Amino acid sequence: MSSTLVPVAAGPLVDRSLFGVYLHVPFCQTRCHYCDFVTYTGMEALRRPYAAALAAEAELAVAALGDAGRPTVTSVFVGGGTPTLLPPADLARVLQRLRGLLDHAPAVEVTVEANPETVDRALADGLVAAGVTRVSLGAQSFDDRVLAALGRPHDAERVGLAAATLRAAAAGRPLDLNLDLIFGCPGEDAASWERSLEAAVAIGPEHLSAYALTIEPATKFGRMVAAGRMAEPDEDVLADRYERACAVLAAAGYAHYEVSNWARGRRAADGFPAHASLHNRTYWRRGAYLGLGAGAHEFVPEPDGFGPRRWNVPGVPEYLAAVRAGRRPTLGQEALDGEQARFEALALRLRTLDGLDGEEAGALGVDATGPAATELRSAGLLAPGPALRLTERGMFLHGEVVSRLAP
Amino acid sequence: MPTELARLRNFCIIAHIDHGKSTLADRLLDLTHAVSERNMRAQYLDKMDLERERGITIKAQAVRLAHTADGVDYVLNLIDTPGHVDFTYEVSRAMAACEGAVLLVDAVQGIEAQTLANLYLALEADLTIIPVINKIDLPAAQPERVAREIEQVVGIPAEDMLRVSAKTGEGVPALLEAIVRRVPPPTGDPDGPTRALIFDSLYDSYRGVIAYVRMVDGSVRKGDRVRMVAAAGVSEAEEVGVFAPEAVATQGLASGEVGYLIPGLKNVAQAKVGDTVTIAGQPSVEPLPGYREPRPMVYAGLYPIEGDDFPDLRDALDRLRLNDAALVYEPETSLALGFGFRCGFLGLLHMEIVRERLEREFDLELITTAPNVAYRVTVTTGATVTVSNPSELPDPGMIERIEEPYVDAMILCPSDHIGAVMELCQSRRGTLQTMEYLSEERVELRYQLPLAEIIFDFFDQLKSRTRGYASLDYEPSGYRAADLVKVDVLLQGEPIDAFSAIVHKDKAYGYGRAMATKLKKLIPRQLYEVPIQATIGSRVIARETITARRKDVLAKCYGGDITRKRKLLERQKEGKKRMKQIGRVEVPQEAFVAALRTDDGDAGR
C-alpha cells in the first residue's frame with residue numbers, strides 16, 4: 001500500500017466518500033436450483049467458529065489498510081448464503097467488533113440478507129438490536145409453483161409474514177425492507193409474474209430488486225439445460241417481464257434508479273430516491289469496500305484509483321485455517337490498468353440513473369456528445385445530453401450502450 | 001552417359017483415386033531397388049503436405065527406375081499424373097511425355113469415370129495401354145468381371161490383362177516385364193536441334209523454378225542457354241538431372257530421357273506446362289504440339305477478414321502464383337467485403353487447395369464468396385462482355401443475351417441407380433446425350449450440363465444418391481444462351497454485392513428464399529428491425545425480417561460480480577471490432593463467412 005495520504009485519483013474512477021464492509025455467511029439449509037454462490041449446506045458445527053473468524057479477519061483487514069488512513073464506514077452488508085442461519089447474537093458480536101475497529105458514519109446503513117422462512121420474532125428482535133437498518137428478503141416469486149421449481153425453501157405467504165414480523169420488531173426505528181424478485185423462471189408465465197409484482201408491491205417494501213434468471217453451468221439448472229431437459233429462458237419473454245416490472249413499479253411510486261433496482265423516497269439532488277441502497281451504490285461508484293468471509297470480494301484502490309480487486313478462498317476450512325494463522329485468506333487478486341479501470345467505471349456508472357456528466361465521461365475517455373453517443377440518443381437509449389444517462393429503454397440494453405461508448 | 005533410346009521406356013499410371021496408384025508406385029520403387037529399405041515409406045512419391053492429407057497427387061513426379069531383363073539394363077521412367085478433373089491439361093501433357101500407360105483398375109470397384117476420361121486421353125495420345133487389375137488380394141475382388149468391363153472399352157482381350165496386388169506385391173514383377181516388352185521405346189533425333197517438352201513445373205524457394213522435361217530431340221547440358229518458346233524467355237540452365245527418386249544432377253539430358261531442368265527462372269509462368277524448351281542460337285524448330293494457356297473454369301472472390309491484411313493477401317497470391325501457373329487473379333472491390341481479389345481456378349479442388357494454402361501457409365483469415373462461372377453477356381449495343389463477378393452483370397434492360405459455359409459430363413454409376421442419377425441431372429438442366437452399359441452392373445451416362453450447376457454440390461449429390469458408387473468427369477464444351485437472371489440480396493434496403501448470384505430464372509425464387517432464411521438465422525438482432533429481401537431487379541422475390549433486439553443481459557451486479565461482468569462486457573466490445581458494417585447493420589465476421597459457405601447445401605440450387 002502506498003504511503004501517500006492524499007489520493008491522486010479523483011473524479012469518476014473512485015468515489016472516496018464511500019467505504020463499505022461486506023461480510024459473507026456461506027451457509028444454507030438447502031441449495032436453490034439456480035444458485036452458484038459460495039455457500040454450503042450442512043457444516044452446522046462450523047457456523048459459530050466462522051462467526052468468530054469473521055471478527056478476527058476484520059482485525060486483519062483493518063490492520064492491512066495501514067497508512068491509507070482510517071476510513072469512515074458508510075455501509076455494512078451481510079450477504080450469503082443465508083446470514084440468518086447465524087445466531088443473531090453471533091452476528092451482533094461481529095458487527096460490534098467492526099464498530100470497535102473503524103469509525104462508522106452516524107447514518108451508516110447496515111443490511112442483512114434474510115430468507116423468509118428463517119425470520120421469526122426472536123430473530124427480528126435480534127437484528128434490530130444489532131443495529132441492522134435494512135433487511136433484504138429473498139422472495140424471488142410469489143407463485144408457489146415457481147418457488148418449488150426454483151428449489152426455494154419457503155412459500156409465497158411466508159414472505160408477507162416475515163415482512164410483518166420485521167416491521168413489528170422495528171417498532172418505529174428505521175428499518176428498510178428490500179424484496180428480491182427473479183423473472184424468467186420455469187413454471188412462470190405472464191400472469192404469474194404480474195401476480196408476483198403486485199404481491200411484492202402490496203407488502204410495501206422501501207426497495208425492490210428484480211433481475212432475469214441466469215443459468216450458470218455449475219448449478220442444477222445449468223446441468224438440466226446442458227442435458228436438454230430445460231430450455232433457456234427466451235430473450236423476448238425476459239424483455240416482456242422486465243417491461244412489466246418497469247410499468248408496475250413505476251405506477252406504484254418506485255424510482256427505477258439502477259438497471260435491477262427500484263426504491264421509494266424523496267429524491268436527493270442527484271436524483272436518487274432516499275431509500276436506494278447505499279452499499280450497492282458503493283459498488284457502482286467504485287467506492288472502496290472490505291470483503292470479509294469465505295469467497296468475499298474486496299476493492300481498496302490505490303491512489304491511482306485503478307485497483308486492485310482481491311477475493312478470499314471459498315472453502316470454509318481453508319478460511320478458518322488462514323484466519324487462525326493470522327493471515328488474510330486471499331485466494332486471488334487482480335491488478336487493473338488504467339484502461340480496465342476506466343472501462344469498469346463507465347460500465348458501472350452507466351447502470352445508475354445519474355450516469356456521468358460530460359466532464360466525468362471525458363475523464364474516462366468517452367465523448368458524451370460524439371457520434372456513438374449521438375446515435376444512442378437518437379435510438380432512444382441515452383437521455384438527451386450533455387450527460388451520459390441511460391433512459392429506461394437504455395437499461396434494457398446497458399451492455400450494448402457500454403460497448404458502443406467505450407473507447 | 002545418355003541411355004540409348006532403345007533401352008528407355010516412358011510410361012505413366014492411369015488410375016482412379018484410391019485404386020492403388022501410389023501403392024503400386026511404392027512396389028515399383030521396391031522392386032527396382034530405387035529406395036533403400038531404410039528410407040522407404042508408404043506413398044513415397046506424394047511429396048506435398050496437402051497431397052498426403054488428401055490422399056491424392058496433384059503434382060507430377062518423374063521417377064527413374066532401373067530394371068534388367070534378359071541381361072539388358074533398361075531405364076524405366078514413371079511419370080506420375082494428377083488424377084483430378086481440374087487438371088486434365090496437366091494430365092494430357094504428362095501423357096505426351098510417355099509412350100505407354102498402365103491402366104490400373106480396382107478389382108472390386110471396376111472402372112470409374114476418371115479412369116475412363118484419362119484412358120481416352122491416353123488413347124488420343126497414342127499410348128500403348130497395359131491394363132492391370134489391382135487389389136486381387138481382397139476377398140471381394142472380381143477380376144473377371146472387371147477384365148470384361150475393360151475389354152469392352154479398350155478392346156484388349158481380358159486374358160492379356162495383368163492381375164496384381166500392389167499391397168502384397170503379387171504380379172508386379174510380371175508388370176515390369178510387360179512394360180519392357182509392350183511399351184515401345186521413345187522416338188526422336190538425338191543429334192537434331194534440341195526440343196524438350198515441359199510437362200510440369202514448380203517453384204522451389206531455394207532453387208527457383210524447376211521444370212520437368214521430356215527430351216524429344218537433341219540434348220540439354222548444364223550451362224546451355226535455353227529458350228522457352230511460348231513464354232519467350234532465355235536463361236541459363238543452372239542444372240539438369242533425373243529423379244532416382246531424389247533429384248540427381250547429371251551432365252545433360254538426351255533425346256528420350258525424362259528428368260528436370262533448373263532454368264534459372266523465378267516464376268513458373270516463365271516455364272509453362274506444355275511449352276517447348278530449345279537452345280538459344282540453334283536453328284529454329286517447330287514447337288511441340290499441344291500447348292495451351294491455362295483456362296480457369298471457376299471464379300470466386302477472396303477477401304481478407306481484416307481489411308488491413310489486403311497487402312498480405314496480395315503478396316501471398318503473388319507467391320502462390322510462382323508455383324501455380326493456372327491461378328489467375330485480379331483486384332476487385334466489394335461494398336460489403338472491402339478490397340479483395342477475383343480469382344480464377346481450374347476447378348473446385350484447385351480453389352480449395354489455393355484457399356487452404358493461403359490460410360495455412362500464409363496465416364490469412366479469408367472470406368470466400370460462393371464459386372461462380374464466367375458469363376458471356378451481349379449487351380444491346382452489340383458488344384460482348386465477360387462477367388466473372390455476378391454483381392457486375394449489366395442492367396437487365398441492357399442485356400440482349402447471356403451465355404453460360406457448358407460441359408460434357410461423363411457419369412459412371414451402378415445400373416440400379418440410373419433413375420436417381422438421371423433425375424439429378426435433369427434437375428440441373430442437363431440433357432442426356434448417350435447411355436451405354438459397360439457391363440450388366442455399370443452404366444456410362446453422358447450429359448451436357450451448365451458448368452454453373454456442377455460447381456456447387458453436384459458431385460456430393462451424385463455420390464449420396466448412388467451410395468458413393470457413382471463417379472464423374474467433365475470437360476468444357478462451349479457456351480450456350482440461357483434464361484438467366486441476377487438475384488440480389490438486400491439488408492435494410494442495401495444490396496450486399498457479395499451475395500448477388502446469377503441463376504436460372506426457374507431457380508431464382510429458391511435461391512432468394514434460401515439466402516433470406518440463412519441470413520435471418522446468421523445475422524444477430526440489431527437495435528432496429530432489419531428487413532432482408534431477395535430481389536430480381538426491383539422485384540422482391542423473398543423476404544424475411546430480423547426483429548429488433550430488446551435486451552442485453554439483465555442480471556444484477558454487486559461486488560463479487562464486477563470482475564466477471566467487466567470481462568463479459570470487454571468481450572462484447574471486442575466482438576464489435578469483428579463486425580462488418582453493412583449500412584447500419586452490424587454483421588459479425590463469422591456470420592458473414594458462414595453465410596457465404598457453399599458446403600452446407602442449403603442455398604436452394
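Basis of the calculations
- Residues numbered from 1 in each chain as written.
- Chains lettered and ligands numbered in written order.
- Predicted model: local features only at pLDDT ≥ 70, side-chain atom pairs only at ≥ 80, totals over all residues.
- Helix = DSSP H or I, 4+ residues; strand = E, 2+ residues; numbered from the N terminus.
- Rg over C-alpha atoms; globule rule 2.2 N^0.38 Å.
- Buried ≥ 20, exposed ≤ 12 C-beta atoms within 10 Å, placed from the backbone.
- Contact = placed C-beta atoms within 7 Å.
- pLDDT = per-residue confidence, 0-100.
- Core = buried A, V, L, I, M, F, W, Y, C linked by C-beta atoms within 7 Å.
- Axes fitted to C-alpha atoms, helices over the stretch in contact; angles between N-to-C directions.
- Parallel < 35°, antiparallel > 145°, perpendicular 65-115°, else oblique.
- Left-handed = near helix turned anticlockwise from the far one by under 90°.
- Nonpolar A, V, L, I, M, F, W, Y, C, P; charged D, E, K, R; others polar.
- Pairing = 2+ DSSP bridges.

**So, the overall build of chain A**
Counting secondary structure elements, chain A contains 15 helices and 14 strands. Expected size for 407 residues packed as a compact globule is a radius of gyration near 22 Å; at 21 Å, chain A falls within 12% of this value. Taken along the three principal axes of its C-alpha coordinates, chain A extends 60 × 60 × 50 Å. Burial analysis of chain A (407 residues in total) assigns 51% to the buried set.

**A closer look at the overall build of chain B**
Scanning chain B for helices and strands turns up 14 helices and 33 strands. Its C-alpha radius of gyration of 27 Å places chain B within 12% of the 25 Å reference for a compact globule of 605 residues. C-alpha atoms of chain B, sized along the principal axes, occupy 90 × 70 × 55 Å. Split into buried and exposed, the 605 residues of chain B put 47% on the buried side. Residue pairs in contact within chain B that sit at least 24 positions apart in sequence constitute 70% of those at least 6 positions apart.

**Focus: the confidence of the model for chain B**
Residue and element names in this part refer to chain B. Per-chain confidence: chain B averages 86 in pLDDT, with 94% of residues scoring 70 or above. Here residues 599–605 scores under 50 on pLDDT; set against residues more than four positions off or in separate chains, the count is 15 contacts. This complex was scored by the predictor with a pTM of 0.71 and an ipTM of 0.91.

**Observations concerning the environment of Glu453 of chain B**
Residues and elements named next belong to chain B. Mapping Glu453 onto the fold places it in helix 10 (residues 451–454). A tally of 24 C-beta atoms within 10 Å means that Glu453 is categorised as buried. Separated by 25 residues in the primary sequence, Glu453 and Arg428 place their C-alpha atoms 5.6 Å from one another. Residue contacts for Glu453: discarding those within four places in its chain leaves Arg428, Arg429 and Phe458.

**Some thoughts on the interface of chain A and chain B**
Tallying the contact residues gives 32 residues for chain A and 20 residues for chain B. Elements supplying a minimum of two residues to the side of chain A that touches chain B: strand 8 (207–212), helix 8 (235–251), helix 9 (278–284), strand 11 (288–292), helix 11 (338–349) and helix 15 (398–405) of chain A.

**Points about the confidence of the model for chain A**
For chain A, mean pLDDT is 93; residues scoring 70 or higher make up 97% of the total. Below pLDDT 50 for its whole length, residues 1–6 of chain A participates in nine contacts with residues either more than four positions away or in separate chains.

**Here's the deal with the nonpolar core**
In this structure, Ile14, Met95, Ala101, Leu103, Val132, Val213 and Ile411 of chain B are the most contacted members of the largest nonpolar core, which totals 170 residues. Among the elements that line this core, the one with the most residues is strand 23 (residues 399–414) of chain B, at eight residues. Setting aside residues no more than four positions away along its own chain, Val213 of chain B makes contact with Ala196, Leu197, Ile198, Leu253, Gly259, Tyr260, Leu261 and Val277 of chain B. Counting 127 residues, the second-largest nonpolar core is a separate cluster that includes Val21, Val132 and Ala245 of chain A together with Ile562 of chain B.

**Thoughts on the packing of helix 9 (residues 418–427) of chain B against helix 11 (residues 458–465) of chain B**
Residues and elements named next belong to chain B. Interhelical geometry of helix 9 versus helix 11 gives an angle of 160° and a closest axis separation of 9 Å. Accordingly, the angle class assigned to the pair helix 9 and helix 11 is roughly antiparallel. Pair helix 9 / helix 11 crosses with right-handed handedness. On helix 11, the residues touching Ala420, Val421 and Leu424 of helix 9 are Gln461, Leu462 and Arg465. Within the contact of helix 9 with helix 11, the residues separate by chemical class into four nonpolar, one polar and one charged.

**Focus: the environment of Pro131 of chain B**
Residue and element names in this part refer to chain B. The residue Pro131 is located in strand 5 (residues 128–134) in this model. In this structure Pro131 comes out as buried when scored by C-beta crowding, with 25 C-beta atoms within 10 Å. Each C-alpha atom, one on Pro131 and one on Arg401, is 47 Å from the other, the two residues being 270 residues apart in sequence. With residues near it in sequence (within four places) discarded, Pro131 still touches Leu103, Val105, Ile150, Val154, Ile156 and Met161.

**What to know about the sheet that holds strand 18 (residues 328–334) of chain B**
All names here are of chain B. Ordered in space as 18-19-17-20, the four strands form an open sheet in which the pairing is antiparallel. Pairing within the sheet leaves two strands with one partner each, and these edge strands are strand 18 and strand 20 (366–368). Taken over all neighbouring pairs, the strand axes of this sheet differ in orientation by 30° on average, direction set aside. As paired elements, strand 17 (residues 298–304) and strand 19 (residues 338–345) share five bridges and run antiparallel to each other. The residue of strand 19 that forms the bridge with Ala300 is Cys343.

**Digging into the pairing of strand 2 (residues 62–69) of chain B**
Residues and elements named next belong to chain B. Strand direction decides the pairing type here: strand 2 and strand 3 (residues 72–79), joined by eight bridges, are antiparallel. Residue pairing across strands places Val63 opposite Leu78, the latter belonging to strand 3. Once strand 2 ends, the chain turns through two residues before running back antiparallel as strand 3, passing Asp70 with a positive phi of about 50°.

**As for the sheet that holds strand 3 of chain B**
Residue and element names in this part refer to chain B. Spatially, 2-3-1-4-5-6 is the arrangement adopted by the six strands of the open sheet, whose pairing is mixed. Strand pairing shows two members of the sheet lacking a second neighbour, strand 2 and strand 6 (162–163), which therefore form its edges. Helix 4 (residues 113–124) rests against strand 1 (8–15), strand 4 (100–106) and strand 5 of the sheet, and its axis sits at about 150° to strand 1.

**Things to note about unusual backbone geometry**
Residues and elements named next belong to chain A. Gly81 follows Gly80 through a cis peptide bond whose omega is 25°. In this structure, Gly81 sits in the loop between strand 4 (73–80) and helix 2 (88–101). The omega torsion across Gly307 and Pro308 is 10°, close enough to zero to call that bond cis. Relative to the helices and strands, Pro308 resides in the loop between strand 12 (297–299) and strand 13 (309–312).

**Thoughts on helix 15 of chain A**
Within helix 15 of chain A, eight of the eight residues are buried, leaving the element largely enclosed by the surrounding structure. Those residues of helix 15 of chain A not exposed but buried are His398, Gly399, Glu400, Val401, Val402, Ser403, Arg404 and Leu405 of chain A. The elements touched by buried residues of helix 15 of chain A are helix 11, helix 13 (371–378) and helix 14 (392–396) of chain A together with helix 13 (562–577) of chain B.

**Considerations on the packing of helix 12 (residues 508–522) of chain B against helix 14 (residues 589–596) of chain B**
Residues and elements named next belong to chain B. Where helix 12 meets helix 14, the closest approach of the two axes is 10 Å, and the angle between their N-to-C directions is 155°. Classified by the angle their axes make, helix 12 and helix 14 are roughly antiparallel. Handedness of the crossing formed by helix 12 with helix 14: right-handed. Residues Lys518, Leu519 and Leu522 of helix 12 touch helix 14, and the partners they reach there are Ala591, Ala594 and Ala595. Here the residues of the contact of helix 12 with helix 14 are counted per class, giving five nonpolar, no polar and one charged.

**Here's the deal with the environment of Ala114 of chain A**
All names here are of chain A. With respect to the helices and strands, Ala114 occurs in strand 5 (residues 104–114). Through-space distance from the C-alpha of Ala114 to that of Ala156 is 15 Å; in sequence the pair is 42 residues apart. Discounting chain neighbours no more than four positions away, the residues touching Ala114 are Pro83, Thr84, Val119, Val135, Ser136 and Leu137.

**So, the pairing of strand 4 of chain B**
Residue and element names in this part refer to chain B. By the criterion of burial, strand 4 is predominantly enclosed, with seven of the seven residues buried. Side chains Gly100, Val102, Leu104 and Asp106 project from strand 4 onto one buried face, and the interleaved Ala101, Leu103 and Val105 project onto a second face that is buried too. Here five bridges tie strand 1 to strand 4, and the two strands are oriented parallel to one another. Directly across from Cys12, in strand 4, lies its bridge partner Ala101. In this structure, strand 4 lies alongside strand 5, joined through seven bridges in parallel fashion. Each bridged residue has a counterpart across the sheet, and for Gly100 the counterpart in strand 5 is Thr128.

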